[in-house]
Each structure stands twice: as structure tokens, then as C-alpha cells.
Amino acid sequence: MPALNRSSHQINMMKKWSLAICYIFFNGLVFAQQVFTGKVIDSDNRSPLAGATVEIANAGTRITDQNGLFSVSNLQGSRFVLVSSIGYKSLRSQIEFSAGITEIKLERHKLFLQPVEIRAIRAGEKSPFTKTNLGKAEIERNNLGQDLPFLLNQTPSVVIHSDAGNGVGYTGIRIRGSDPTRINVTLNGIPYNDAESQGTFFVDLPDVASSVSSIQIQRGVGTSSNGSGAFGASINIGTNEFREKAYAEISNSMGSFNTFKNTLKAGSGLLYDHFTIDARISRVTSNGYIDRASSRLRSLHFSTAYINKKSSIRFNVLSGYEKTYQSWNGILQQELSKSRTSNSAGTERPGEPYSNETDNYKQDHYQLFFNHQFNKGLSFNTAVFLTRGKGYYEQYKAGQAFAAYGLPDIYAGRDTIRETDLIRQLWLDNYFYGNIFSLQYTLNKSIFTLGGSLTRYDGKHYGRVTWAQTGIPRDYTWYNLDAFKTDRNIYSKWQQKFSQYWEVFFDLQFRSVRYHIEGFRDNPALLIKNTYHFLNPKAGIHYSNNNWNGYLSWSVAHKEPNRDDFEAGAASQPKPETLHDFEAGLEKRTPALTYGVTFYYMRYSNQLVLTGKVNDVGAYTRTNIQRSYRKGIELQGMARISPWVNATGNLTLSSNKVLKFMEYVDDYDLGEQKIFAYNKTDISFSPAVTGSAGVHFTPLNNGTISIINKYVGRQYLDNTETRSRSLPAFNVLDLNMSYTIKKQVLKEVTFLVQVNNLFDRMYEPNGYTFSYFSDGKRTTENYVYPMAGINWMAGVNVKL
């Protein structure tokens, strides 16, 4: 199908799905009549429990409001319900769903179970920030082996991609167009982003989703966190889950491209009223959709805790190892019709591609937490951590000049040998360690939090030649460079309720970052010593009344350059970036229908972007641009049609602009760069439209079917808004099915089937471009990363 017709077809499909969702919402308003209301209370003093989780068999999950209330529409008869709240014993009971209010009493644990380290940096229910919360059950339903970004695909303003084309191995996520280097990620409150590149590599912790109990995504600047600056979004991941009863779980899945996932989990439950032990081991393997884009992944998670009435101590070990065949180069866009799966990695070797053109990396996380409650209103947390990473990627390189490796040419009689084929390894060997802390005080209508972190990164960069055709000894090291980074952060947060409906929020963060880089591979003489001081204020107001919630906030964020930016040269060092973020949201929640809207305006100063400009050693480098912005509207909704049908949807409409952009293009004829000026062009990889729509059926007891649609508008590969340098819009439909058997010999057996890209769409969510002049003619080459057509995964999860 021609590209234009295909794009039109996709847009028409999106319109049809949007109309279908609107129809379902309308029917939800008209036909939802029967309403059940439950109230979760403390069994001792009968006070309402806000934020309790209520999981209803075959009817989803509810969260109680400030009065401990939750509502369900169109349910009849009895259902099993699992009710849980931090600090209380979980209750599993059968409830008769009929008119009126039913009280559910939870018994308080005589243990201190609050995850203070997570609560300190997450946005609360009445914090004035744009957020999405994912619970354990929702994560489990979609976890069949794909990397964590693919489990977040249906959340608002998200675009995901995969180098291998099937979500295993190296993957990426953008939120509101912001790439992973601008998304703050924490694991139990501890920074996860790479300290130097500031990117996030979930492949280093394979199947971490099997250990995750909750995730919060904050879009925009959000509340103050630890680690790199949240310059578009933050993702907070929690694994410190308390499980009262002993358990064992086995999960196995398989699917297209010889993809397999095997996971074994077990836990002791509460031992001797104080101790818990939890463990997981996982293995994920896949050949990938792209040729030779194989992944061999292993991971381990071990956690043990001691808990008493006022304190808790927890020790975590998370370890991951990945070996992935490189598929980083992408495919020339005009070659897609010939072969969508070709891979140029390893092809510099004569004959067959080099078999070990791989990335090899091991990362271990050690985390020790101490939580203490001084009294009813005052609690404290501190944690120390070490993240140990070591690994390399290996390449076969043809025609390498000896001079590039610091070696002289070889003279053989009258002949001069200046280059050779070789195999090299580029190594990273690093330690990232530090401390986080928080102090939280609650008094009447006030909540005060003081927190911060001190982290240090010690990294070694070195390269080895393990084999050469001639002239280079085995295991020759041609560079060995150290780098250090220190990050200090302290924040204070104050949330005050000043009337029945209104609360204000203030947040002030001071952050200090110091870089010390002792040279670069291609520029070993360039030494960097830079220090940055950032002050990040935030303020907002929240309103709640009669199922309505609204908020308005303003936040400031600063972000330091990453390692590669400093290689611009001693005389042209990059400036830090600044972001002012304005957010306004309004949401209405009823038993039949939930809908909300968010408006945002993100104004950047000195944003760092690729312009085509080369640095002192001829490499392309990011350059500060004075003014740019993102603004948009995010719509979300959920409708419950009947006891067995509900629908969800989100839609983002945005405008993302660079006000003045200078493009630099190599001119090989003249040995210089040509410059082209542009005004008010689209920011790269920032689609004007993204959306997701789903219909979820429960035709059988314990059985669900979900049909989910994802739409992403046109993305430009650079900041010139040139259509010939863009990725077409795409529309993808997925099918998820599950069926659970309970009350048999085993506690629970769940069968899962996931069919991705049901209509076999050919699409590419990621890529890059570059241009040059030669013989007076401009040539542009676009490289893209294709995603697989129709593919499937199936799994069986057994809980003992």
C-alpha cells in the first residue's frame, strides 16, 4: 500500500476507534444505574482509610477517596474482594454487591510498613502534578518478557521503540517527546539514570517488572526527586513490597522470534512476626525481529527485611546481565521495501558478519534502607546504595589507521602499511554510590517533607584491541580515561490544607553537580572540570469536591549537559538547560465514568539539540538553542458499561516548537559546513498527536479480553520540520487475553495470550538522519528502526 494511502488508512482507523470510545462513554452515562458503595475503615477506631486498594474479581481495582469510599456500578451478586492498605493486614472476603453502603474493616499491623523512601518523592493523591499510577496487578497482566517501556505504552503521551523490533533487548521510551536522558528514573527512591549519559538502560535489569509492586509516572517537571533532573517526566519504580503470607510463583512465556521468559519467585511471608525474605530469578532470550538482534538476559532479585513496631531495615540485591547482538545502526529508510530486517552490524568483517558484534554488560544494585517512626506524625528514612557496572561492546572494524590508536605506521621494505582490520572492545567500569534520606512530618492539616541525596560516580573508560590483522599486539589498550561526577541534592516540601476543598503545595530544591572528566576517546587532551548550582522552585494548588479534582502548578527544572556534550571543545562548552513548566488539570470520577483533561506549557531555555554542527574532533555534538516550547492538552477517560465491559482511552494534542534553528550540513566539496536557518519548526520526535484506546471484556468468570489501539502521529527526525526527514504516523492494534483458574490444587493458574500488531502494520517509531553535499548535490540519508509485524506471546503464571 502506498505510504500516503497507508497513513490515511491509519488516521481513519484512529477516528473509528475514537468514535467507538465516545459511543461507549455515552452509553456508560445513559445505562449505568446500579451503584454499590463500599467504605474501608480502621477496625479499632473506625476512621476512614484513604488510598486503600480494592481489587474486585473480574471488575478491576478501585482506590478509596479521602473518606475511605469507593464505588462500583452494575455489579450484582457476590464477588471476592482483596482489600489492602499500607500498615494494615490485607483482607480477602466475599461481598454481596447490592444497593447501600457496606463497611470493610481492616486490622492494623503492629509493624511499621510505610515505604517512606518512595512516599518522599512521589506525588500524593492531592499533589498538583500530572501523574499516572500503575499497580502490581496491571503490571503483571502485561508482563510476558518485553522490556519495561513496553508495559507503559498505554499511558498518556508515551512513544516506545525497540532496536531489535520486538521489545526485548535495547528499548526506549519518550514522554511528551522527551527522550530518556530527560526522564528522571528512580528505583525505590534511588537514582537509576546513568550518571554520565543520563540515559536509562532497562536492559541492564532484565525482567525487573516481575519484582515491581508499583510505578508512578509524572509528566512534566513533577515533584522534586533524586538523581538527574526531570526535564519532561519522571518514572518512580517501587519493589519494596511487604507480603504477609508465604508464596511461590512460576511464570513461563514464549512467542515469536524464539522469545522465551522464565521467572521463579518465592517469599517467606512474615517469619517470627518480624522477618521477610523475597527472591526472584529470571531468564529472557530472543532472536529478535531484526537479523542477528539476539538477546541473552539474566537477572536476580533478593530482598530481606526486619520489621518491628517503629522501625524497618531492608536489604536489596538486584543483579542483571545482558548480552545483545548490536542492532544500533538502523536501516536506510529507502531500503525498507527490500528488507525490513537487515542489520549492518558486524558486516565490516569480510564474508559472513562477525558473530560476536555484541554488547556485554553486568550491573549489580545493592540497597540498604532504614525506616523509623518517631511518633504518629514523624517518620524518617535513610538508605545507602552501590550500583556496580562493568562491561563492553565488541566490534570488528575494517581499515583502521594505526595513527587512530596512537601507533606508528609499519614500514616493510618500500611499502608502508598504515591500517589494519581489528577487533576491539570499548569498556565501561564504574561505581555509583551514595545516600538518600527523607524526614516526613504530619500535623493536623499540614504535611512537611525534608529530603535529599548525595551521590558519587567513579567511572573508567578504556579500549582494548583483542585481535589485529597486523601491527597491534593482543589486548593492546589505546586509551584509559577516568571520569567522576558528584551530585548533591536537598529539597523541602510543604502541603497545607486551608479549607474543606483546597490545598496548597510548595516545593524547593537545591542541587549541585560537579563534573571531572579526564579526557575523551577521540580527544584525550580535553579535560573538563565544571560545577553547576541549580535552584528549582515549585508551587501549586489542588481542589477536590463532589468527585471533582482540579489543580494548577508551576515548576522550574535545570539540567546539566551530559558527557558527550562536553566534547564540543574547550572554547565552546555547553550551557545547562532550563525549563519552566505550567500544568493545569481537571478530573471527574463517578462509578460509571471517569474523565479528565490536562493542559501543559513547557518553556525551555538553552535546550541542547543536535544541529549537525561538528566539534573539535569532527563528531556531531548537541548545541544550545535559545528558545523552544512544548504545549498541549491531554485527555483521559474510562467508562464502565456493564459488569463485563469497560473502555479506556487517552489522547494528546500538542505543539512542540523550536523558535529559531540553525542547521549545519557538511560540504565535502569545500571541506566546511553550510548553514541553513529555520523559524518555528517542530521539535524532533515530538508527534502532534498520540493516543490510546481500549475495550476490555470479561465474558467469563476470571477471563478477560482486551483490544487496545495505539496511534502516534508523524515524527520528524530533526528540527527542520522537513517531511522527507520524518517517520510516518502509525496505528497499531493489540489483543490481550487471560484466564485464571482458582481453588484447584494450585492457588492460582493464569493463562495469558498477547497478539501484538494484530493487523500486521509496517511502522518505524525511531530513527536518525544526516545530510551532506558532494559534487554540488545534497544527499540525505534517513535510518530507521522497524518494528515487527504481527507477533505473539503466550504464558502461564502459576501461584502456589
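Residues numbered from 1 in each chain as written. Predicted model: local features only at pLDDT ≥ 70, side-chain atom pairs only at ≥ 80, totals over all residues. Heavy atoms only, no water.

On to the overall build of the protein chain. The secondary structure content of the protein chain amounts to four helices and 44 strands. For the protein chain, whose C-alpha radius of gyration is 27 Å, the value lies close to the compact-globule estimate of 28 Å for 800 residues. The principal-axis extents of the C-alpha atoms in the protein chain amount to approximately 95 × 60 × 55 Å. The buried share of the protein chain, reckoned over its 800 residues, is 57%. Put simply, the protein chain shows about 33,900 Å² of open surface, and 56% of that area lies on carbon and sulfur atoms. (Helix = DSSP H or I, 4+ residues; strand = E, 2+ residues; numbered from the N terminus. Rg over C-alpha atoms; globule rule 2.2 N^0.38 Å. Buried < 20%, exposed > 50% of the residue type's maximum accessible area, 1.4 Å probe, protein only. Areas by Shrake-Rupley, 256 points an atom, 1.4 Å probe, with all protein chains shown as cover.)

Looking now at unusual backbone geometry. In this structure, D273 takes a positive phi of about 65 degrees despite not being glycine. Structurally, D273 is set in the loop between strand 16 (259-267) and strand 17 (275-286). Residue D273 is classed as exposed on the basis of its relative accessible area, which comes to 55%. With a phi angle near 55 degrees, F685 is a residue other than glycine that sits in the positive phi range.

Attention now moves to the environment of E117. Locating E117 in the fold gives a position in helix 2 (residues 116-119). With 406 residues separating them along the chain, E117 and N523 place their C-alpha atoms 41 Å apart. Those residues in contact with E117 that sit more than four places away from it in its chain are N188, G189, N240, F369, N371, N381 and I436. Of the polar contacts made by the side chain of E117, one reaches the side chain of N240; its length is 2.9 Å. (Contact = heavy atoms within 4.5 Å. Polar contact = N/O pair within 3.5 Å; in protein donor to acceptor, adjacent residues only side chain to side chain.)

Pairing between strand 28 (residues 502-520) and strand 29 (residues 523-545): 18 bridges, direction antiparallel. Bridge pairing links Q509 to N536 in strand 29. Between strand 28 and strand 29, which pair antiparallel one after the other, the connecting turn spans two residues. Here eight bridges tie strand 29 to strand 30 (residues 548-559), and the two strands are oriented antiparallel to one another. For N545, the partnering residue across the bridge sits in strand 30 and is W548. (Pairing = 2+ DSSP bridges.)

Turning next to the packing of aromatic side chains. For the structure on display, the rule yields 32 aromatic pairs. A ring pair is formed by Y170 and F201, whose centres lie 6.3 Å apart and whose planes are at 75 degrees; its orientation type is edge-to-face. Residue Y170 is found in the loop between strand 9 (158-162) and strand 10 (171-175), and its partner F201 is found in the loop between strand 12 (190-191) and strand 13 (214-220); the two are separated by 31 residues along the sequence. Judged by its relative accessible area of 18%, Y170 falls in the buried class. F201 gets classed as partly exposed once you look at its relative accessible area, which sits at 33%. Ring centres of W548 and Y595 lie 6.2 Å apart, and the angle between their planes is 85 degrees; this geometry places the pair in the edge-to-face category. Placement of W548 in strand 30 and of Y595 in strand 32 (residues 593-614) is noted, with a sequence separation of 47 residues between them. One aromatic cluster is present, formed by Y668, Y768, F770, Y772, Y783 and Y785 through successive ring pairs. (Phe/Tyr/Trp six-rings, centres within 6.5 Å; stacked < 30°, edge-to-face > 60°.)

On to the confidence of the model for the protein chain. Confidence along the protein chain averages 90 in pLDDT terms, with 94% of residues attaining 70 or more. Low pLDDT, under 50, characterises residues 1-11; the stretch is placed with twelve contacts to residues that sit more than four places away or in other chains. For the stretch residues 21-33, pLDDT sits under 50, and the model shows 24 contacts to residues farther than four places along the chain or on other chains. (pLDDT = per-residue confidence, 0-100.)

Moving on, we get to the pairing of strand 30. The buried fraction of strand 30 is high, at nine of twelve residues. Counting the residues that bridge the hairpin from strand 29 to strand 30 gives two residues, and of these N546 lies at a positive phi of roughly 55 degrees.

So, on to the sheet that holds strand 7 (residues 101-106). Taking strand neighbours across the sheet as the criterion, the three strands line up as 4-1-7 in an open arrangement whose pairing is mixed. For this open sheet the edge positions go to strand 4 (69-73) and strand 7, each flanked by a neighbour on one side alone. Neighbour to neighbour, the strand axes of the sheet diverge by 25 degrees on average, direction disregarded. One ladder, built from five bridges, connects strand 1 (residues 35-42) with strand 4; its direction is antiparallel. (Axes fitted to C-alpha atoms, helices over the stretch in contact; angles between N-to-C directions.)

Mapped onto the fold, L144 is located in the loop between helix 3 (136-142) and helix 4 (148-151). The class of L144 is buried, set by a relative accessible area of 4%. In the structure, L144 is positioned 109 residues away from S253 in sequence and 6.0 Å away in space, judged by C-alpha atoms.

A few words now on the nonpolar core. Core analysis: the largest hydrophobic core is formed by 31 residues, its most contacted members being I175, I215, I235 and I237. Sorting the residues of this core by element identifies helix 4, strand 9, strand 10, strand 11 (183-187), strand 13, strand 14 (232-238) and strand 40 (730-742) as the ones contributing at least two each. Beyond its immediate chain neighbours, meaning those up to four positions away, I215 contacts R122, T132, N133, L134, I139, L148, L152, I235, N236 and I237. Membership of the second largest hydrophobic core comes to 16 residues, among which are V40, I56, F70 and I104. (Core = buried A, V, L, I, M, F, W, Y, C linked by side-chain atoms within 4.5 Å.)

With that settled, consider the sheet that holds strand 8 (residues 130-135). Across a sheet, strands are paired by hydrogen bonds formed along the backbone, either parallel or antiparallel in direction. If you walk across this open sheet you meet the five strands as 8-13-14-11-12, and the pairing is mixed. Edge positions in the sheet fall to strand 8 and strand 12, since each has one partner strand and no second. Summarising the sheet, strand 11 and strand 14 pair through five bridges and their orientation is parallel. Across the sheet, V185 pairs through a bridge with I235, a residue of strand 14.

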